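Per-entry structural report
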Amino acid sequence: MGNSVLDGFVSAATRDAAIQKFYTSAAWIDGRSEEQLKHVSNWAGVQKIAAFPDLHPGKYGPVGCAVLADRIYPQLIGNDIGCGMALFQIDLPKRKFKLEKALRRMRVLGHDPSTDYSARLDETDARMRSFSKSLGTIGGGNHFCEVQTLVTCEPDVGLDVGALYLLIHSGSRGYGTAVLADVPHDGFNGMNPDADATSAYLAGHDQAARWARLNRRIIAERAADALRTDVRLIADVPHNLLVRVGDGWLHRKGAAQADAGLVPLAGSRATPSYLLRPSHTEAALWSTAHGAGRRYDRSSMHGRVGTKRSDLEAMQRTSFGGRVICEDRALLIEEAPLAYKSAAAVAADLEVTGVAKTVATFHPLLTFKKTRTGVLRNA
């Protein structure tokens, strides 16, 4: 393979030793996100940054990167602490799946859960219990629960090509927001790891991350109940997370944890998703991309796609013959496939730059995002 393919990767690493960019010159990268990378690299105590091909601008810094620093920056993790992707296998053969029936049944995810899940939280943590009403809810934005079919898979991965799968993207909902809101006003300047306020943040962060993982599990169970089946976890990988690494702190914002097994890479509603085998490289800060990444921000999507009834109905059907449950007009427009980069291109860049290899490909069958009746409490 010629060096021309790696021009963007190699030259980026040469320009700034603190920033390693794991994408090629062909990647669709918004210049504002690279400006944010440079800005974050100048923060006190920042040592290394790994940026991935799903990179795009965020509120406090770019989404799609991992940042190693000697202090803690809560805004790099953001309010959705512990947000991640979870892949489950459904105990339902693909040949028995009835799309129209599933379309009706999966709408239950738009209602508040009828079950009280508070007993599944840590009994000693009153704050976690205070957000129990939101357990099992997906949230807004780019969060979803999707029934998928397996298209390709390497033999050693051990997935059943005749089975169906659930991919869930959700996080800590109001819990993570409350944790971030408690950070002192000067905390965004970098928190001393030994300070009392930092200890409180770290405790809240870890609890929110556990809450988010449990939330994805309960969403999967609710979806399985709706489909009259069971689920088995394949991988649950957070991408908004803070972890201790040696003497430093690794901040992942939209960067999937790549040191604990296989990693789901989400596509868009009309494009494939992937399962990755990471290379666990230190250069990439033990992280990888988590999805396709936004190509256009939410506000600019209004005007980029048609808004006639026929246009909106078309966005609720996919090129794979699948369906999308999203009855929020604005959200449907903002989450249209055009808003996202090519997940295939992201996966290809990860392989070229040595970060991860694709081991399975999935197509979407039914994607749940939001119904008109969804009233979420403690959100």
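Conventions and cut-offs
- Residues numbered from 1 in each chain as written.
- Predicted model: local features only at pLDDT ≥ 70, side-chain atom pairs only at ≥ 80, totals over all residues.
- Heavy atoms only, no water.
- Buried < 20%, exposed > 50% of the residue type's maximum accessible area, 1.4 Å probe, protein only.
- Helix = DSSP H or I, 4+ residues; strand = E, 2+ residues; numbered from the N terminus.
- Pairing = 2+ DSSP bridges.
- Polar contact = N/O pair within 3.5 Å; in protein donor to acceptor, adjacent residues only side chain to side chain.
- Contact = heavy atoms within 4.5 Å.
- Core = buried A, V, L, I, M, F, W, Y, C linked by side-chain atoms within 4.5 Å.
- Axes fitted to C-alpha atoms, helices over the stretch in contact; angles between N-to-C directions.
- Phe/Tyr/Trp six-rings, centres within 6.5 Å; stacked < 30°, edge-to-face > 60°.
- Lys NZ or Arg CZ within 6 Å of the ring centre and 35° of its normal.
- Salt bridge = Lys/Arg side-chain N within 4 Å of Asp/Glu carboxyl O.
- Parallel < 35°, antiparallel > 145°, perpendicular 65-115°, else oblique.
- Nonpolar A, V, L, I, M, F, W, Y, C, P; charged D, E, K, R; others polar.
- pLDDT = per-residue confidence, 0-100.

**Here we look at the pairing of strand 9 (residues 248–253)**
Burial analysis of strand 9 places five of its six residues in the buried class, the great majority of the element. Direction of pairing for strand 3 (residues 63–69) relative to strand 9: antiparallel, over a ladder of five bridges. Pairing of A69 across the sheet is with W249, part of strand 9. What sits between the antiparallel neighbours strand 8 (residues 240–245) and strand 9 is a turn of two residues, in which G246 has the positive phi angle 60°.

**Digging into the side chain of K369**
Structurally, K369 can be placed in strand 15 (residues 356–370). Side-chain polar atoms of K369 contact the backbone oxygen of H143, separated by 2.8 Å. Residues in contact with K369, not counting those within four places in the same chain, are G139, G141, N142, H143, F144, R269, I325, C326, L331 and E335.

**A look at the nonpolar core**
Of all hydrophobic cores here, the largest spans 37 residues; its most connected members are F52, L265, L276, M301, M315, L350 and V355. With 25 residues, the next largest nonpolar core counts F97, A102, I138 and F368 among its residues.

**Observations regarding the sheet that holds strand 9**
Reading across the sheet, the five strands line up as 1-2-3-9-8 and stay open at both edges, with mixed pairing between neighbours. Strand pairing shows two members of the sheet lacking a second neighbour, strand 1 (19–21) and strand 8, which therefore form its edges. Strand-to-strand twist in this sheet, taken as the mean axis angle between neighbours without regard to direction, amounts to 15°. Against the sheet, helix 2 (residues 31–41) engages strand 1, strand 2 (46–56) and strand 3, with an angle of about 165° to strand 2.

**Overview of the packing of aromatic side chains**
One pass over the structure, following the stated rule, counts seven aromatic pairs. Judged by centre distance (5.9 Å) and plane angle (80°), the rings of W28 and Y296 are edge-to-face. Here Y296 lies in the loop between strand 13 (287–289) and helix 8 (298–301) and W28 lies in the loop between strand 1 and helix 2, a separation of 268 residues in the sequence. Judged by its relative accessible area of 16%, Y296 is buried. Within the aromatic cluster, the residues linked to one another by ring pairs are F131, Y175 and W211. Positioned above the aromatic ring of Y340, the side-chain terminus of R294 is 5.1 Å from the ring centre. Lying across the ring of W28, R295 places its NZ or CZ 3.7 Å from the centre.

**Some words on the pattern of salt bridges**
In the structure shown here, the tally under the stated rule is 22 salt bridges. With its nearest N and O atoms 3.2 Å apart, the salt bridge here joins E221 to R217. Taken together, the residues span about one helical turn, with E221 and R217 both in helix 7 (residues 196–226) at a distance of four residues. On the basis of relative accessible area, R217 is assigned to the partly exposed category, the value being 28%. A single network of salt bridges, built from pairs that share partners, joins E146, R269, R294, R298, E334, E335 and K369.

**Considerations on the packing of helix 6 (residues 173–181) against helix 7**
Put simply, helix 6 and helix 7 touch, their axes get as near as 9 Å, and they point 170° apart. It follows from the interaxial angle that helix 6 and helix 7 lie roughly antiparallel. Note on element contacts: helix 7 touches helix 6 through Y201, G204, H205, Q207, A208, W211 and N215, opposite R173, Y175, G176 and V179. Taken together, the residues of the contact of helix 6 with helix 7 break down into five nonpolar, five polar and one charged.

**Let's talk about the pairing of strand 6 (residues 163–170)**
Where burial is concerned, most of strand 6 is hidden: eight out of the eight residues are buried. Residues A163, Y165, L167 and H169 point to one face of strand 6 and L164, L166, I168 and S170 to the other, with burial holding for every one of them. Relative to strand 6, strand 4 (residues 84–93) runs antiparallel, the two sharing eight bridges. The partner of L87 across the bridge, within strand 6, is L167. As paired strands, strand 5 (residues 144–153) and strand 6 are joined by six bridges and run antiparallel to one another. Residue pairing across strands places C145 opposite I168, the latter belonging to strand 6.

**Quick notes on the confidence of the model for the protein**
On average, residues of the protein carry a pLDDT of 91, and 93% of them reach 70 or more. In this model, residues 1–17 is a region of pLDDT below 50 whose contacts with residues beyond four sequence positions or in other chains number 24 contacts. Below a pLDDT of 50 lies the segment residues 374–379, which in the model reaches 19 contacts outside its immediate sequence neighbourhood of four places, other chains included.

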